[in-house]
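Coordinate analysis (summary)
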Amino acid sequence: MLSLLLLIPFMGALVLVLWPGQPTPGRLRTIALVVLALQLGWSLVVLSRFDPSNSAMQLQEAHQWVGNIGLDYKLGVDGLSLPLVLINGALTLVSAICTRDISQRPRIYFALLLVISGAVNGAFLAENLLLFFLFYELELIPLWLLISIWGGANRAYAATKFLIFTAVSGMLILGAFLGLALFTGSVDFSLTPITSERLALGSQLLLLGSLLVGFGIKVPLFPFHNWLPDAHTQASTPVSVLLAGVLLKLGTYGILRFCLGLFPEAWAVLAPGLAIWAAVSVLFGSLAAIAQQDMKRMVAYSSVGHMGYILLAAAAATPVAILGATFQMVSHGLISALLFLLVGTVYRKTGTRDLTVLHGLLNPERGLPFTGTLMILGVMASAGMPGMSGFISEFLVFRGSIVAYPLATLLGIVGSGLTAVYFLLLVNRAFFGRLAITPAADPVADQRLDVRLAEVAPRETIPATALAITVVMIGLLPAGLGRLSESTSTAIAQLPALVSALQAGGLG
């Protein structure tokens, strides 16, 4: 069952590349939409076969591949990976739906979207370290191409920076995996926690540090965030949706699955410092977002802050905190995708994202009232307003972390308050006041903002509306996601306690 989550998008990409003749962009888009709908549908089939009460890997597939180097084809799904597989299927479909009027190399564009979706599924489902690395790296070049070919005016710089940072991330992760084999004298790359009987604590700390930096670049956490604002600013709206909603989760998933999961003993040693790192990342992302004038850069910096909550939860490593981390990955994926869609709508209708230019877009006479309404809902969700997914996610993280690290948690709560500040600035400047205030330095060039803006067609609002409804549904009915991930979250949180018990002789 799980292999089909890889085969459907990969085969769909192959069909697009080999489709005979010169199909129109509309036909290529239709094919991609059908393939992605099938992938999402099959993800729901996997969900129907999943037993939430079982914390172990389920629906496993195992085949020998290159046994001499420890590379085996092993797939499995649990309560940590399944929600991310579902988010990947949904948001990749949203990205394809939102891709319109693409005339430059549409065949390659949609094929790359499908390759990325399949690679992300493979990374989330892989039970072999080397297999995870292969899928982790497989999405790198397609995303680089999506930014460098279909991006903005400064796309070459942004794409190159993304490529360099992510390549370093992959090198550190691969180095840690190979170092594991070197230090243990084994080519077993299965997901097995490393205990003191297999590896000295110093070696564990070295390998864990390499993984933390590697995944910290991908998340991204401060100070490894530098590539993200430029990548988002230059990427097209559908690519930004995919990047923020799905691809950043490879980093947070890696921290939970491999850093905490493989090295619980070393993790317990570093956890206090990781909690402070998380708090610094949250505060930096929030303060940097306040300083932005570009709407898209503001949303990009908000991701830096909100990803820090996941590291805080992982550092605390309590069942409630780990469950909150899962909620936060899902919630951030939906909310960030919603915000980037709405920012893209504003840019498409006005030609600018500058908050010193945009005013009054909520005005029903000449503005974007429905877009503004959805934007207000999105920023309320991101700020943790009760009744939305952002609230339950942050509440679980803070509730699970405050006992272990009260200072870092309080700083995280301050960061949550700052989220309301910078998004209030965004909404107040862009959607209230006069419809258009042109800069005094160049009133002629921006005169277009003084005329009636083109209306947003209903079909353009469907993806954003669907995401907004999902955000509210998770906020009002969080029990479904909670049941799906609770058993796995508890099992992950018990790893450090297991190591402590082993060292104390409590388990014989």
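For the structure itself, look to the data block above.
The notes below deal with the structure included here. Keep in mind it's a predicted model, so treat the numbers as computed, not measured.

Each helix and strand in the protein was counted, giving 19 helices and 2 strands. Against the compact-globule benchmark of 23 Å for 508 residues, the protein has a radius of gyration of 22 Å, which places it among compact chains. Expressed along its principal axes, the backbone C-alpha trace of the protein runs to roughly 75 × 60 × 40 Å. Relative to its full complement of 508 residues, the protein shows a buried share of 59%.

Our focus in this paragraph is the nonpolar core. Membership of the largest hydrophobic core comes to 171 residues, with the highest contact counts inside it found for Trp267, Met295 and Met375. A total of 17 residues in this core trace back to one element, the largest contributor, which is helix H14 (residues 319-350). Sequence-distant contacts of Met375, that is, excluding residues within four places in its chain, are made with Met295, Leu339, Leu342, Val343, Leu426, Val427 and Phe431.

Attention now moves to the packing of helix H1 (residues 4-18) against helix H4 (residues 106-125). Axis separation between H1 and H4 bottoms out at 8 Å; the angle between their running directions is 165°. When the interaxial angle is binned, H1 and H4 end up roughly antiparallel. Viewed along their axes, H1 and H4 form a crossing whose handedness is left-handed. In contact with Leu5, Leu6, Pro9, Phe10, Gly12, Ala13, Leu16, Val17 and Leu18 of H1, H4 contributes Arg107, Phe110, Ala111, Leu114, Val115, Gly118, Ala119, Asn121, Gly122 and Leu125. For the contact of H1 with H4, a count of residues per class yields 14 nonpolar, 4 polar and 1 charged.

Before going further, it helps to spend a moment on the packing of aromatic side chains. Under the criterion given, the structure shown has 17 aromatic pairs. Ring centres 4.6 Å apart and planes at 40° place the aromatic pair Phe222 and Phe284 in the tilted group. Taken together, the residues span a long stretch of sequence, with Phe222 in the loop between helix H8 (201-218) and helix H9 (227-234) and Phe284 in helix H12 (residues 264-290) at a distance of 62 residues. Note on Phe222: relative accessible area 27%, which makes it partly exposed. On the basis of relative accessible area, Phe284 is assigned to the partly exposed category, the value being 27%. If you follow Lys218 out to its NZ or CZ, it ends over the ring of Tyr136, 5.3 Å from the centre. In this structure, Arg353 is placed above the aromatic ring of Tyr347, and the distance from its NZ or CZ to the ring centre is 4.9 Å.

Counting across every chain of the model gives 7 salt bridges. For the salt bridge of Asp230 with Lys161, the shortest nitrogen-to-oxygen distance reads 2.7 Å. Highlighted residues: Asp230 in helix H9 and Lys161 in helix H7 (residues 155-184), separated in sequence by 69 residues. The pair formed by Asp230 and Lys161 is uniform in burial state, with each residue classed as buried. Where Glu460 meets Lys349, a salt bridge forms, and the shortest distance between an N and an O atom there is 3.5 Å. Note that Glu460 is positioned in helix H18 (residues 458-476) and Lys349 in helix H14, a separation of 111 residues in sequence. Here the two residues Glu460 and Lys349 agree in accessibility, since each one is buried. Via salt bridges that share partners, Lys161, Asp230 and Arg297 belong to a single interconnected network.

Calculation criteria
Residues numbered from 1 in each chain as written. Predicted model: local features only at pLDDT ≥ 70, side-chain atom pairs only at ≥ 80, totals over all residues. Heavy atoms only, no water. Helix = DSSP H or I, 4+ residues; strand = E, 2+ residues; numbered from the N terminus. Rg over C-alpha atoms; globule rule 2.2 N^0.38 Å. Buried < 20%, exposed > 50% of the residue type's maximum accessible area, 1.4 Å probe, protein only. Core = buried A, V, L, I, M, F, W, Y, C linked by side-chain atoms within 4.5 Å. Contact = heavy atoms within 4.5 Å. Axes fitted to C-alpha atoms, helices over the stretch in contact; angles between N-to-C directions. Parallel < 35°, antiparallel > 145°, perpendicular 65-115°, else oblique. Left-handed = near helix turned anticlockwise from the far one by under 90°. Nonpolar A, V, L, I, M, F, W, Y, C, P; charged D, E, K, R; others polar. Phe/Tyr/Trp six-rings, centres within 6.5 Å; stacked < 30°, edge-to-face > 60°. Lys NZ or Arg CZ within 6 Å of the ring centre and 35° of its normal. Salt bridge = Lys/Arg side-chain N within 4 Å of Asp/Glu carboxyl O.

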